[in-house]
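# Residue-level structural notes
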Amino acid sequence: MTSIVELFPKSRKLAYDVRQQLSQVQNNLISPSELQISLDELKNQIEMLEKLVHRETPAQREVWRGKLADLREDASSIQRQGEYYDRMVSANVRVQRERQELLTRRRRGGRAGGDAENGIRDMANESNSLSSSQNMVGELIQSGEAQLSNLMMQRRRMTGLKRVVFEIGSKLGMTDQTMKIIQNRDATDGYFVLGGMILTCFV
């Protein structure tokens, strides 16, 4: 029967492919339905991996649970980005349609000489279009904040996982050089999180 050691690399590869599909959806190369099919497959594999974790030794379970948590968060992040992009596209289509209708009414109003009522209605439509654009910007900011929150959650999980790795390493007799490599990687991740926070503040 398939083991977690055999299935996990395939799931990681699938997660990478799904993220590539997200980029293709954003570039209008494939349909969102294809992305959703791959996401469903990835979620099914994650559920299988979670069942296989119980067959591992207690020490290995904690390590695998940390890896699965990161994989699950990656899938959720792709899902959120796909849904956000779909909302943005729908909102943009709606705004473009409203602008086209507004221009059509203006041309008709110009040919008829125009009146105060048409002018007021046009101003109201322009205000609604501006509000829609502001909402889109607000959603973009919220999405950035959510991504930063996810990075911070991942860092907290990695801190706990690092303690487990150190304990396992001490039992297995890992060298000091290997432990330093792990510590340096943790510091590098911290810089990435800090840089993302600063970039979001500027945006």
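Residues numbered from 1 in each chain as written. Predicted model: local features only at pLDDT ≥ 70, side-chain atom pairs only at ≥ 80, totals over all residues. Heavy atoms only, no water.

### Describing the pattern of salt bridges
Pairs can form between side chains of opposite charge whenever their charged atoms are close. The full count for this structure, using the stated rule, is five salt bridges. Aspartate 74 is the partner of arginine 19 in a salt bridge, and the nearest nitrogen-oxygen pair spans 2.6 Å. With a gap of 55 residues between them, arginine 19 in helix 1 (residues 4-26) and aspartate 74 in helix 3 (residues 58-111) connect regions that are remote in the sequence. Classification of aspartate 74 as partly exposed rests on a relative accessible area of 24%. Between arginine 80 and glutamate 73 there is a salt bridge, with its nearest N and O atoms 2.9 Å apart. For glutamate 73, a relative accessible area of 12% gives the class buried. (Salt bridge = Lys/Arg side-chain N within 4 Å of Asp/Glu carboxyl O. Helix = DSSP H or I, 4+ residues; strand = E, 2+ residues; numbered from the N terminus. Buried < 20%, exposed > 50% of the residue type's maximum accessible area, 1.4 Å probe, protein only.)

### Some remarks on the nonpolar core
Grouped together as the largest cluster of nonpolar side chains are 21 residues, with contacts concentrated most on Leu35 and Leu49. Take this core: its biggest share by element is eight residues, from helix 1. Setting aside its immediate chain neighbours within four residues, leucine 35 contacts Val18, Gln21, Leu22, Val25 and Ile78. (Core = buried A, V, L, I, M, F, W, Y, C linked by side-chain atoms within 4.5 Å. Contact = heavy atoms within 4.5 Å.)

### Brief notes about helix 2 (residues 32-52)
Relative to the 30 Å expected for 21 residues at 1.5 Å per residue, helix 2 spans 31 Å between its end C-alpha atoms, a close match to the ideal helical length. Of all the residues in helix 2, the buried ones are Leu35, Ser38, Leu39, Leu42, Gln45, Ile46, Leu49 and Leu52. Within helix 2, the buried residues cover an arc of 130 degrees as seen down the axis, which keeps them to one side. Facing away from the buried side of helix 2 by over 90 degrees, the exposed positions are Ile37 and Lys51. (Expected span 1.5 Å × (residues − 1). Arc of directions from axis to C-beta.)

### Re the side chain of serine 11
Within the fold, serine 11 resides in helix 1. Discounting residues that sit within four places of it in the chain, serine 11 has contacts with Leu42, Gln45, Leu49 and Leu71.

### A short note on the environment of lysine 51
Relative to the elements of secondary structure, lysine 51 occurs in helix 2. Each C-alpha atom, one on lysine 51 and one on isoleucine 4, is 9.0 Å from the other, the two residues being 47 residues apart in sequence.

### Describing the environment of threonine 2
Looking at the element boundaries, threonine 2 is found in the segment before helix 1. A relative accessible area of 36% places threonine 2 in the partly exposed class. Residues threonine 2 and leucine 52, 50 residues apart in the sequence, show an inter-C-alpha distance of 8.6 Å. Apart from residues lying up to four places away in sequence, threonine 2 is in contact with Leu7, Leu52 and Arg55.

### Remarks on the packing of helix 1 against helix 2
One can describe the packing of helix 1 onto helix 2 by two numbers: an axis separation of 9 Å at closest approach and a directional angle of 160 degrees. When the axes of helix 1 and helix 2 are compared, the pair comes out roughly antiparallel. In terms of crossing hand, the pair formed by helix 1 and helix 2 is left-handed. In this structure, helix 1 contributes Ile4, Leu7, Phe8, Lys10, Ser11, Leu14, Ala15, Val18, Gln21, Leu22 and Val25 to the contact, and helix 2 contributes Pro32, Glu34, Leu35, Ser38, Leu39, Glu41, Leu42, Gln45, Met48, Leu49 and Leu52. (Axes fitted to C-alpha atoms, helices over the stretch in contact; angles between N-to-C directions. Parallel < 35°, antiparallel > 145°, perpendicular 65-115°, else oblique. Left-handed = near helix turned anticlockwise from the far one by under 90°.)

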